[in-house]
Each structure stands twice: as C-alpha cells, then as structure tokens.
Amino acid sequence: MRIDAIYTNGRFRTMDPARPAATSIGVHGGRIVGVDEELANVYAHRTVDLNGAPALPGFHDAHYHLSMTGRRLQSLDLGSFSSMGPLLEAVRERAKKVPPDGWLLGAGYDQNILGSHPVADALDRVAGGRPVLLQHVSGHMHVANTAAFERAGYHRREGVPDVDGGYVVRDDDGRAQGLLQEKAMGLIQEAVPGPGLDDVQRNLAAASEQAVAYGLTSLTEPGLGGGQTIGNTAADFHSYQAAVENGALKPRMTLMPSIGAFHYLEGFPDQGWFGLDLGIRTGFGDDRIRVGPVKIFSDGSLIGKSAAMHQCYHGEPDNKGFLQLDAVALMRIIVDAHKAGWTIATHAIGDEAIDHVMDSVEQAQREAPRPGVRHRIEHFAVANAEQVKRAAGLGIVPVPQGRFISAFGDGMIEALGAERVEHCYRMKSLLKAGIELPGSTDSPVADGNPLHSIHDMVNRLTHSGQELAPDERLSARQAVRAYTYGSAYAAGEEHNKGTLSAGKLADFVVLSDDLLEVDPATIRDVTVGATVIGGQSVYDDGALRT
Ligand SMILES: [Zn+2]
C-alpha cells in the first residue's frame, strides 16, 4: 500500500485513551490512516522526520474572531513605543502608505509609558491630511486627529457634544483635543467605514498566518454578517469561501452567523421558519468551512460592569448591569432558532443573563425536543454551583476563555468582590459536572496564543499575580484536552478532530516541549515548531525534516 506521507520520529500524544502515544503517523488524503506498527508494510511518498519532538492534535479555539484579529493586525501597532517622537514618526511613515481618502488606524498605545496621550495637533502634522484614529491599549479610549473629526462632521474639531457615559477632552477654547473616552469614542468610530470585501481577504490572510504560527488548526468564529461590530460585510461567507479558494485561509473554520442576519422565511405561515435564506443551518459545509451555531448577545462585559447580575457589582450598590435583549425577546429568538434546526450560542457573562438563557433553552426543548443538540453559552463568566449543574443537565456547552484570567482577572476580582470570585470563569467545576470543556481566547479581545491560554487554565494567575478561583485550576492534560477534543465536541466535530486516531483529519502541532511534562509555571514558554493541517505543513519553524 502506498500513502501520501509518514510523519515519523515524533513523540505524539494522541489524546486518544485507546492509544495514547505514538512515534509515527501515516497520512493519506488528508486523514490519518494508522500509527506505528500499523504502518509496517506501508510505503509513503514522503517521510517527514520530527527529530524526537513532542506533538499533539492541532489546537482548536472555540471562540476566536479571525477576521477581527486580522483587522487588528493590519492596524499600526503602537504597543512598543515608550516616547511620543518615535510614535509620531511611525504614524508619518504609515500615512505615506494609506490612500489619501483612507483612514490610518492604530492601536495599543499607553499614556502611562508615553507620558501623555497623543493630541490631534501633533497627529495633524504627520498625517498628510489623512484621518487618524489611535486606540488606547485598554480599548476604552481613542485619540482622533482633525481630519477624523472633519469626517465625523465636526469642522476644525468644533461643536463636539458631550456624551453620556463618555468624556471629550477639550482645549481651553472648548474644541476637542483628540482624546475621547468610553461612549464618546462613538462620535468618531461611526464615521470609520467598515471593511470591504478586499479588506476582509487581507485580514483573513494576516490572521491565518498568525493562527497557524500559534499551532491553531481549527477555529470557531462567532458573529459573522454585516451590520454588527464583530462581523464584516453582509457577504461574509463568500469572503471565507474565496479565502479558501485562493489559499489565504489556513485554519479550518466553523462560522457562526450573527442573529442580525436572521429573518422569518416566507412560505411557513403556521410554524414559522427563523434563520438564513434557503434554510441553510448549523452543520452545513465541509471540513474547511462549516456553518456553526447562530450567535446571540444577551448581556455585556464583566470588567465593564455591564453584564446582567443577580447581585450588584462590588462597590456599586446600584449597579446590577443589564440585559442587551429583554428576557421575553431572548426566549422567542432562542425557541424559534432551535425549532428551525439551529444550534444556538448565546453570549452570557452575568449570572442573571445565564439564567435567562437556560430558561430559554429549557423552553425550547419543551416545545420541540432535540436530544443531543449542543447549545452553547459563550463566556459563562459568573455561575454558582446550581447553575453549573443546570447547564450540565440541559446539555449546554459553556465556552469560558482561559486567557481572560491573566488578561482581565484583576478587573474581574475588582468587579465581583471576594465572595463571588469563586464563581468566576469556572473550569474544573464544569468537568466535575460532566461537561466537555472547550478552550478559547476570544481573540483579539485577548491574544489568541493557545499555549498562553492553556498556561492560564492550569495556573489561574492574574496579571498582578493574584490567584483567580484557584479551585478551578486544571491539570495540563485537562487543559490540552479542552483545546483539542473539547473544542471539537463544542463544534460537533469530535468524529473528525480532537484526537490523533485513524480516520480523523491529520491536523497536529509540533512543540518545543511536552506540555504534560513541563513545570506548569513554564507552559507559556513552550513554542510551536510546526503546524500540519490535513497532512500538509502550513507552518514550519525548522521542526520538520523531509
Ligand atoms: Zn467574542
């Protein structure tokens, strides 16, 4: 028998309990055909030597905004500047490459390091007349130049109104100085055009390169479709299909349409039919692009203290956050999408929002039983023991983000206070309740590197070094299972992915060290040597020898 390739001399951890370790893997037609002694009488066109390196099934992030990550990568990175002069020079250089009518977008500056925020006057001098919008590292502030204010209808930065829930920094004469905080960011943001089809292609190409360098072979992207801040255009599925055809899209994608793209289809007067045209729904597609669940938002942010809670935020006796969608409307959407055959993924952070989502799922199953459907709750940030048990009973898959622990853990502790922090971004409790836990980062909200996310799932230390609900710590094995099999399960693809077993897709990652053996405190120092998707190398840092 002749097969495409044998990857040999590796230390594969297959994550398949029936066959946990292997040194060789045979690949044909993009799938695994056997391991070790099963390949004894098999001839391969290619033999690839891993030189003794450890390898795992490819990482799979269950909640990753690939297109938005690309948008962020395309904008000018200001994170490395420690003084204003070089930052302005970088803006000047970038401006030369931006078309005269285009926007110059940057992100990541920190006034604590620079000494001050940039101001419009200084940006005007280097921008060549182009509108400039620079995002603060926190994402909660922007600086705009005069041309940007002009685009938004404020000639010479005059007449800029005050905004509830925001702040406009002004010069002595009352004109906006450039810095816009919180809700005031909307004054300019609304004038920035959304990406066009070509932009989406460029963004997907850039983000794909980063993803495969991170060892990611599959991603689930929430919220596609136009008219939403997290989508791109109304033709998003076309963009992904085109990016597969032209080779720009590397990871396998499960794409979640945004609920904003849903409508009631004509010709179903009695029972109604809620979804996308032609009845396309969850599961449609192939092993490169599949239609995932529909994405719904029920509430806001934990560190922004806007997520809907049963009890007030710590130190804010009047603030329980709020629902983005009232409970009745939320239930109607969930029940109707469920009846039309969709899997539903609802963003719910606060414990009150989580209860409303679970009420809705329960109602949907009462009206139209669909045993085995894997409705999801994205983030599932604050949940007591009873709620964890209820989610398990309803077959709901919670999708918490490991990387949030170091990125936002300090803010979460501050928002919740000591008594509720034990309920925050639970992981071990989910496993104990029998839930199959996926791994994710919400990139670019937090950086998408799965090794850093696994590190956080195991160590649960915030940026300042505080422990965040240490009882929820996972073993390295549990965290790796989440990032491989768990995310495949959340996407309904565990028959295709998540372990290195005969018949499954040949997607794996070669690492510098064995995650199950290194000191847990050093997991984030492990690096990716190569990434293989469908038996083909898509990233190689010198780990593969042909
Ligand atoms: Zn997200």
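Residues numbered from 1 in each chain as written. Predicted model: local features only at pLDDT ≥ 70, side-chain atom pairs only at ≥ 80, totals over all residues. Heavy atoms only, no water.

Q: Help me understand the nonpolar core, please; the structure alone is not making it clear to me.
A: Considering soluble globular proteins, one finds that nonpolar side chains tend to be buried as a cluster. If you look at the biggest cluster of nonpolar residues, it comprises 86 residues, and the most contacted ones within it are F59, L66, Y240, L302, I454, L511 and L515. When neighbours within four sequence positions are excluded, Y240 is seen to be in contact with L66, S67, L204, E221, L224, L249, M253, L255 and I289. (Core = buried A, V, L, I, M, F, W, Y, C linked by side-chain atoms within 4.5 Å. Buried < 20%, exposed > 50% of the residue type's maximum accessible area, 1.4 Å probe, protein only. Contact = heavy atoms within 4.5 Å.)

Q: I tried to follow unusual backbone geometry on my own but got confused; where do I start?
A: A negative phi angle characterises most non-glycine residues, just as the trans form characterises most peptide bonds. Here the bond from S443 into P444 is cis, since omega is 5 degrees, no more than 30 degrees from zero. Of note, P444 is situated in the loop between α13 (428-432) and α14 (450-459). Phi at R157 is positive, roughly 60 degrees, even though this residue is not glycine. Summarising the element assignment, R157 is placed in the loop between α5 (146-151) and β13 (166-170). Since its relative accessible area comes to 2%, R157 is described here as buried. Notably, L278 is not glycine yet its phi reads approximately 70 degrees, a positive angle. By the element assignment, L278 lies in the loop between β18 (274-275) and β19 (289-291). With relative accessibility at 80%, the residue L278 sits in the exposed group. (Helix = DSSP H or I, 4+ residues; strand = E, 2+ residues; numbered from the N terminus.)

Q: Would you explain the packing of aromatic side chains in this entry?
A: The geometry of an aromatic ring pair is captured by the separation of the ring centres together with the interplanar angle, meaning the angle of the planes. Here the structure, examined in full by the defined rule, presents nine aromatic pairs. When the ring of F12 is compared with that of F508, the centres are 5.3 Å apart and the planes differ by 85 degrees; the resulting orientation is edge-to-face. Of the two residues, F12 is situated in strand β2 (residues 11-13) and F508 in strand β24 (residues 508-511); the sequence distance between them amounts to 496 residues. Residue F12 is classed as buried on the basis of its relative accessible area, which comes to 2%. Relative accessible area serves as the criterion here: at 0%, F508 is assigned to the buried category. Residues Y264 and F274 carry aromatic rings whose centres are separated by 4.6 Å and whose planes lie at 25 degrees to one another, so their mutual orientation is stacked. With Y264 in strand β17 (residues 263-264) and F274 in strand β18, this pair connects stretches of sequence that are 10 residues apart. Overall, F274 belongs to the buried group, its relative accessible area being 7%. Linked through ring pairs, F262, Y264, F274 and W342 together constitute an aromatic cluster. (Phe/Tyr/Trp six-rings, centres within 6.5 Å; stacked < 30°, edge-to-face > 60°.)

Q: Sorry, what's going on with helix α10 (residues 351-367) here?
A: Note: α-helices contain 3.6 residues per turn, so residues at a spacing of three or four share the same orientation. Along its 17 residues, α10 runs 25 Å from first to last C-alpha, staying within 8% of the 24 Å computed at 1.5 Å per residue. Every buried residue of α10 is accounted for by D351, A353, I354, D355, H356, V357, M358, S360, V361, A364 and Q365. Looking at the packing, one finds that the buried side of α10 touches α9 (327-339), β21 (344-348), β22 (376-379) and α11 (385-393). (Expected span 1.5 Å × (residues − 1).)

Q: Quick question: what am I supposed to make of the sheet that holds β19 here?
A: By way of backbone hydrogen bonds, the strands of a sheet pair with one another, either parallel or antiparallel. Taken in spatial order, the four strands make up an open sheet running β8-β15-β16-β19, and their pairing is parallel. The two strands at the open ends of the sheet, each matched to only one other strand, are β8 (59-61) and β19. Each adjacent strand pair in this sheet contributes to an overall mean axis angle of 15 degrees, direction not counted. The sheet contact formed by strand β15 (residues 216-224) and strand β16 (residues 252-257) spans five bridges and is parallel. Counterpart to L219 in the pairing with β16 is M253. (Pairing = 2+ DSSP bridges. Axes fitted to C-alpha atoms, helices over the stretch in contact; angles between N-to-C directions.)

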